Amino acid sequence: MGANHLFVIDREGKVAFRSEFAHAPTLYKALSQLDDQDGYGTVLAGLDRSMHMLGATAYGWRGPRRGGKVSMEDIIRRAPPLAANLKMGK
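What counts, and at which threshold
Residues numbered from 1 in each chain as written. Predicted model: local features only at pLDDT ≥ 70, side-chain atom pairs only at ≥ 80, totals over all residues. Heavy atoms only, no water. Buried < 20%, exposed > 50% of the residue type's maximum accessible area, 1.4 Å probe, protein only. Helix = DSSP H or I, 4+ residues; strand = E, 2+ residues; numbered from the N terminus. Arc of directions from axis to C-beta. Patch = residues over 30% accessible without salt bridge, like charges linked within 9 Å, V, L, I, M, F, W, Y side chains within 5 Å. Areas by Shrake-Rupley, 256 points an atom, 1.4 Å probe, with all protein chains shown as cover. Salt bridge = Lys/Arg side-chain N within 4 Å of Asp/Glu carboxyl O. Pairing = 2+ DSSP bridges. Contact = heavy atoms within 4.5 Å. Axes fitted to C-alpha atoms, helices over the stretch in contact; angles between N-to-C directions. Core = buried A, V, L, I, M, F, W, Y, C linked by side-chain atoms within 4.5 Å.

*Asks:* Can you explain helix α4 (residues 69-78)? Please cite residues and give values.
*Replies:* Residues of α4 that are buried include every one of Ser71, Asp74 and Ile75, and no others. Seen along its axis, α4 keeps its buried residues to an arc of 95°; they face one direction. Across α4 from its buried face, at more than 90 degrees, point the exposed residues Lys69, Val70 and Arg77.

Written out as structure tokens, the structure reads:
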């Protein structure tokens, strides 16, 4: 797995939702749905593989730069399209 994965764990300690790219609006929906289910079960079909590129395009390298050189290298190596969008967001 690369960087930026997101996991939501339910009350039983099971993975209720996993996202390959952290995205605040999707996390909010997953947590809201889990709350509606009293903290149990799978939410949002359990998996999101969408590459949420808008944030990267809008904010550029500012976020990954806080993670340091290794963080930036991981993005370039594992997600070249995302790295290109980050460059456009400069």
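*Asks:* Run through a nonpolar patch on the surface, naming residues and quoting values.
*Replies:* On the surface, a nonpolar cluster with roughly 270 Å² of combined accessible area is contributed by Phe7, Ile9 and Val15. Checked against the element boundaries, Phe7 lands in strand β1 (residues 6-9). Residue classification places Phe7 among the partly exposed positions, given a relative accessible area of 42%.

*Asks:* Please provide a residue-by-residue account of the pairing of β1, values included.
*Replies:* A regular strand carries its side chains on alternate faces of the sheet. The two faces of β1 differ: Leu6 and Val8 on one face are buried, but Phe7 and Ile9 on the other face are not. Bridge count between β1 and strand β2 (residues 15-19): 4 bridges; the pairing is antiparallel. Bridged to Leu6 within β2 is Ser19. The hairpin turn running from β1 into β2, its antiparallel successor, is 5 residues long, and Gly13 in that turn takes a positive phi close to 85°.

*Asks:* Tell me about the environment of Lys87, and please be specific about residues and values.
*Replies:* Residue position: Lys87 is located in helix α5 (residues 80-88). As for Lys87 and Trp61, which are separated by 26 residues in sequence, their C-alpha atoms are 7.0 Å apart.

*Asks:* Describe the sheet that holds β2, and please don't skip the residues or the numbers.
*Replies:* Judged by pairing direction, the sheet is mixed, and its 3 strands sit side by side in the order β1-β2-β3 without closing on themselves. Of all the strands in the sheet, the pair left with one neighbour each is β1 and β3 (47-48). Summarising the sheet, β2 and β3 pair through 2 bridges and their orientation is parallel. Residue pairing for β3: Ser19 is matched across the bridge by Asp48. Taken strand by strand, helix α1 (residues 24-36) contacts β1, β2 and β3, and its axis lies near 10° from that of β1.

*Asks:* I'd like a rundown of the nonpolar core, residues and numbers included.
*Replies:* Within the largest apolar cluster, 7 residues are counted, these being Leu6, Val8, Ala16, Phe17, Ala30, Leu34 and Val43. Among the secondary structure elements, those contributing two or more residues to this core are β1, β2 and α1. Setting aside residues up to four positions removed in sequence, Ala30 forms contacts with Val8, Phe17, Val43 and Leu44. Core analysis: the next-biggest nonpolar cluster, separate from the first, contains 6 residues, Trp61, Ile75, Ala79 and Ala83 among them.

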